[in-house]
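Okay, here's what each chain looks like letter by letter:
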Amino acid sequence: MARLLLADCLLHSGSCDATAKLWDWRMPAVPAITFQGHDSDINSVSFCPSGEAFVTGSDDSTCHFFDTRCLLCINKFKSERTICGITSVCSSASGRLLFCGMDNFNCYCWDMCKDGMTCSPLWALTGHENRVSCLDVCRSGECVCTGSWDTLIKSWA
């Protein structure tokens, strides 16, 4: 018996009005739900591997972790040392780690099981000479790739 996950019917979007929306593609006229909490433009959204949650990255220097089952933001991530925008987000294959590409040329990694407002990133991937504009984690989870305005793609294993 095939199981249709909720995420199979949903699309997500981030907006200049600082909201994230879930859309049911079967009823595209209005969003299924609108999530608030950011203070500035949302530049990136990404479903977690389970399909039951998604993360957002914003110009307000925060990432939010939204659970689609309870329809709430269940964690926020921000580094006190970073005041630049977040351009891209992606979770690890396990769903445990959050990777954030930044305007400050770096990519930070947080443990999504810890309080993201009180803990520091686990590590920073440094080496680009311009903003990190995109990133993704390979399916096996063994590698993160970042793309930058410096015209380079870097692979981090």
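Higher on the page you've got the structure.
The rules we used
- Residues numbered from 1 in each chain as written.
- Predicted model: local features only at pLDDT ≥ 70, side-chain atom pairs only at ≥ 80, totals over all residues.
- Heavy atoms only, no water.
- Pairing = 2+ DSSP bridges.
- Helix = DSSP H or I, 4+ residues; strand = E, 2+ residues; numbered from the N terminus.
- Axes fitted to C-alpha atoms, helices over the stretch in contact; angles between N-to-C directions.
- Phe/Tyr/Trp six-rings, centres within 6.5 Å; stacked < 30°, edge-to-face > 60°.
- Buried < 20%, exposed > 50% of the residue type's maximum accessible area, 1.4 Å probe, protein only.
- Core = buried A, V, L, I, M, F, W, Y, C linked by side-chain atoms within 4.5 Å.
- Contact = heavy atoms within 4.5 Å.
- Polar contact = N/O pair within 3.5 Å; in protein donor to acceptor, adjacent residues only side chain to side chain.
- Salt bridge = Lys/Arg side-chain N within 4 Å of Asp/Glu carboxyl O.

## Topic: the sheet that holds strand β7 (residues 72-77)
And step 1. Pairing in this open sheet of four strands is antiparallel, and the strands run β4-β5-β6-β7 from one edge to the other. In this open sheet, the two edge strands, each paired with only one partner strand, are β4 (42-47) and β7. Along the sheet, successive strands turn relative to each other by an average axial angle of 20°, direction set aside.
And step 2. Pairing of strand β5 (residues 53-58) with strand β6 (residues 63-67), which is carried by five bridges, proceeds in the antiparallel orientation.

## Here's the deal with the packing of aromatic side chains
And step 1. The full count for this structure, using the stated rule, is six aromatic pairs.
And step 2. Between phenylalanine 35 and phenylalanine 66, the ring centres sit 4.8 Å apart and the planes meet at 50°, which makes this aromatic pair tilted. Separated by 31 residues along the polypeptide, phenylalanine 35 in strand β3 (residues 33-35) and phenylalanine 66 in strand β6 bring together distant segments of the chain.
And step 3. Using a relative accessible area of 4% as the deciding quantity, one classes phenylalanine 35 as buried.

## Section: the nonpolar core
And step 1. Grouped together as the largest cluster of nonpolar side chains are 16 residues, with contacts concentrated most on Leu98 and Cys100.
And step 2. Elements represented by at least two residues in this core include exactly β5, β6, β8 (86-91), β9 (97-102) and β10 (107-111).
And step 3. Residue contributions to this core peak at three residues, all from β9.
And step 4. Beyond its immediate stretch of four places on either side in the chain, cysteine 100 contacts Cys63, Ile86, Ser88, Val89, Asn106, Cys107, Tyr108, Trp110 and Leu135.
And step 5. Counting nine residues, the second largest nonpolar core, distinct from the first, contains Cys90, Cys109, Leu125 and Val137.

## Comments concerning the environment of serine 50
And step 1. Here serine 50 is to be found in the loop between β4 and β5.
And step 2. A relative accessible area of 41% means that serine 50 is categorised as partly exposed.
And step 3. Spatially, the C-alpha atom of serine 50 lies 9.3 Å from that of alanine 93, the residues being 43 residues apart in sequence.
And step 4. There is a polar contact of 3.1 Å between the side chain of serine 50 and the backbone nitrogen of glutamate 52.

## Describing the pattern of salt bridges
And step 1. One pass over the structure, following the stated rule, counts six salt bridges.
And step 2. The partner of arginine 69 in a salt bridge is glutamate 52, with the nearest N and O atoms 3.1 Å apart. Of this pair, arginine 69 sits in the loop between β6 and β7 while glutamate 52 sits in the loop between β4 and β5, and the two are 17 residues apart along the sequence.
And step 3. On the accessibility criterion, arginine 69 (57% relative accessible area) is exposed.
And step 4. According to the relative accessible area criterion, glutamate 52 is partly exposed, its value standing at 28%.
And step 5. Notably, a salt bridge pairs aspartate 103 with arginine 131, separated by 3.3 Å at the nearest N-O pair. You can see aspartate 103 sitting in the loop between β9 and β10 and its partner arginine 131 sitting in the loop between β11 (123-125) and β12 (132-137), a full 28 residues away along the chain.
And step 6. Through salt bridges with shared partners, a single network forms among Glu52, Asp67 and Arg69.

## Section: the sheet that holds strand β1 (residues 10-14)
And step 1. Spatially, β1-β2-β3 is the arrangement adopted by the three strands of the open sheet, whose pairing is antiparallel. Looking along the sheet, the strands with just one partner apiece sit at the ends: β1 and β3. Averaged over all pairs of adjacent strands, the angle between strand axes in this sheet comes to 20°, irrespective of strand direction.
And step 2. Pairing of strand β2 (residues 20-24) with β3, which is carried by three bridges, proceeds in the antiparallel orientation. Across the sheet, lysine 21 pairs through a bridge with threonine 34, a residue of β3.

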